[in-house]
Amino acid sequence: GVLARSLSSLAAQLKAHIGELTAERTQVAQLLTVGREFMADASHELRTPVMAIQGYSETLIEGGADSSTARQFLETIHRHACRLGRLVEDMLRLSSLEVRPSADAIFERVDVGGVASAVVDTLQARAEAQGVALRVDVEGRVEMSGDPSALEQVLENLVDNAIKYGRTGGTVAIRGHEDRDEVLVEVEDDGPGIDTHHLPRLFDRFYRVDPERSREKGGAGLGLAIAKQFVESMRGRIRVESELGKGAKFIMRFPRVP
Ligand code: ADP
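As the structure is a prediction and not an experimental result, all values here were calculated from the model.

Draft legend 1. Representation of the overall build of the protein within the structure. Within the protein, the secondary structure is distributed over six helices and seven strands. For the protein, the N- to C-terminal ordering of α and β elements is α-α-β-α-β-β-α-β-β-α-α-β-β. At 24 Å, the protein has a C-alpha radius of gyration far larger than the 18 Å of a compact globule built from 258 residues. Its C-alpha atoms give the protein principal-axis dimensions of roughly 95 × 60 × 35 Å. Counting all 258 residues of the protein, 37% fall into the buried class. Within the protein, counting contacts between residues at least 6 apart in sequence, those at least 24 apart form 73% of the total. With an accessible surface of roughly 15,400 Å², the protein has 53% of that area assigned to carbon and sulfur atoms. In the protein, which carries 33 positive and 40 negative side-chain charges, the distance between the mean positions of the two groups comes to 5 Å.

Written out as structure tokens, the structure reads:
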């Protein structure tokens, strides 16, 4: 009797342990798959500029180009080297965000209007070059809890995208207001927008709506993945609303200062 009972309780415990182990194994396998996919995508993105640099520099070394062609080749090499540089920067930023334990996240009082103005100062020249007007619309003093430099990077990224993918002669607005116990921060443009079927994957790493067009503009599709990581590191959420021909709006919600 006693023996049978303790045996069956032992069996139940073993079964529970095996269940936990299987679940952990599935999780590890999933993480490995994500990592492998990232490596595959990253290598693919790195390959194009590396091959271009190799090819053009080889031709130059062999001396097979006259001086005006040589100049063109050098410019092409430079362009690809810059793209490589941006890609490596983005990848480093993404991985440093991932290894940072959330306990290390900074939570301080952030003046949303102040950060928005700083972002406008940084991107004003780029906006003017594209004929885009930047507007800040923050009602009074709006304060959220988070990391000012993280918020600045996120806004810079979203506004930069809005300029890049927006419309010449268009407007990009940064808005901020309080909504009960949250702070809403939005970046909206009046450009061509994004077809709705892309929206569910827009924040995925390396996802681009139009790979050729956005590659020309220098993006590898990591910008929004980085923005999302930053937002989540501040316990915020980010989503996008867009329709073809109707502009794009990125909406973030953060905790208010308690
Ligand atoms: P990228 O490095 O290519 O800019 P992102 O992750 O920042 O990558 O953006 C992913 C894709 O989303 C871009 O390639 C672009 O097609 C689309 N996108 C982002 N912002 C906008 C916007 N404001 N309007 C239209 N399309 C956008």
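On we go from here.
Draft legend 2. Structural view of a nonpolar patch on the surface. On the surface, Leu-3, Leu-7 and Leu-10 cluster together into a nonpolar patch covering about 330 Å² of accessible area. As for its placement among the helices and strands, Leu-10 is situated in helix H1 (residues 2–62). For Leu-10, a relative accessible area of 47% puts it in the partly exposed group.

Draft legend 3. Representation of the pairing of strand E7 (residues 248–255). Where strand E5 (residues 182–189) meets E7, eight bridges bridge the pair, whose relative direction is antiparallel. Across the sheet, the residue bridging to Asp-189 is Ala-248, located in E7. Here strand E6 (residues 237–242) pairs with E7 via six bridges, running antiparallel. Its bridge partner lying in E7, Ile-238 is registered against Met-252.

Draft legend 4. Representation of the nonpolar core within the structure. Among the nonpolar cores identified, the biggest contains 53 residues, and Leu-134, Leu-155, Val-159, Leu-202 and Met-252 are the most heavily contacted of them. The element that contributes the greatest number of residues to this core is helix H4 (residues 148–165), accounting for eight residues. If we skip the residues at most four places from it in the chain, Leu-134 touches Val-120, Leu-123, Gln-124, Ala-127, Val-159, Ile-163 and Val-172.

Draft legend 5. Fine view of unusual backbone geometry. Even without a glycine there, the phi angle at Arg-180 is positive, about 50 degrees. Relative to the helices and strands, Arg-180 resides in the loop between strand E4 (171–179) and E5. Even without being glycine, Arg-235 reaches a positive phi, approximately 60 degrees. Checked against the element boundaries, Arg-235 lands in the loop between helix H6 (223–233) and E6.

Draft legend 6. Helix H3 (residues 112–129), seen in detail. Helix length check: H3, at 18 residues, gives a terminal C-alpha distance of 26 Å against a target of 26 Å (1.5 Å per residue), a fit within 8%. Maximal helix bending in H3 amounts to about 55 degrees, located at Leu-123. Turning to H3, its buried residues are Val-112, Gly-113, Val-115, Ala-116, Val-119, Val-120, Leu-123 and Ala-127. Looking at the buried positions of H3, the neighbouring elements they touch are strand E1 (108–111), strand E2 (133–138), strand E3 (143–146), H4, E4 and E5.

Draft legend 7. A look at the packing of aromatic side chains. Tallied over the full model, the rule gives three aromatic pairs. Taking the centre distance of 5.5 Å and the plane angle of 35 degrees together, the rings of Phe-38 and Phe-206 count as tilted. Taken together, the residues span a long stretch of sequence, with Phe-38 in helix H1 and Phe-206 in the loop between E5 and helix H5 (211–216) at a distance of 168 residues. Phe-206 shares its class with Phe-38; the two are buried. We note Arg-205 situated over the ring of Phe-38; from NZ or CZ to the ring centre the distance is 4.3 Å.

Cut-offs applied
- Residues numbered from 1 in each chain as written.
- Predicted model: local features only at pLDDT ≥ 70, side-chain atom pairs only at ≥ 80, totals over all residues.
- Heavy atoms only, no water.
- Helix = DSSP H or I, 4+ residues; strand = E, 2+ residues; numbered from the N terminus.
- Rg over C-alpha atoms; globule rule 2.2 N^0.38 Å.
- Buried < 20%, exposed > 50% of the residue type's maximum accessible area, 1.4 Å probe, protein only.
- Contact = heavy atoms within 4.5 Å.
- Areas by Shrake-Rupley, 256 points an atom, 1.4 Å probe, with all protein chains shown as cover.
- Lys, Arg positive; Asp, Glu negative; His and termini not counted.
- Charge placed at Lys NZ, Arg CZ, Asp CG, Glu CD.
- Patch = residues over 30% accessible without salt bridge, like charges linked within 9 Å, V, L, I, M, F, W, Y side chains within 5 Å.
- Salt bridge = Lys/Arg side-chain N within 4 Å of Asp/Glu carboxyl O.
- Pairing = 2+ DSSP bridges.
- Core = buried A, V, L, I, M, F, W, Y, C linked by side-chain atoms within 4.5 Å.
- Expected span 1.5 Å × (residues − 1).
- Bend = angle between axes of the 7 residues up to and from the residue.
- Phe/Tyr/Trp six-rings, centres within 6.5 Å; stacked < 30°, edge-to-face > 60°.
- Lys NZ or Arg CZ within 6 Å of the ring centre and 35° of its normal.

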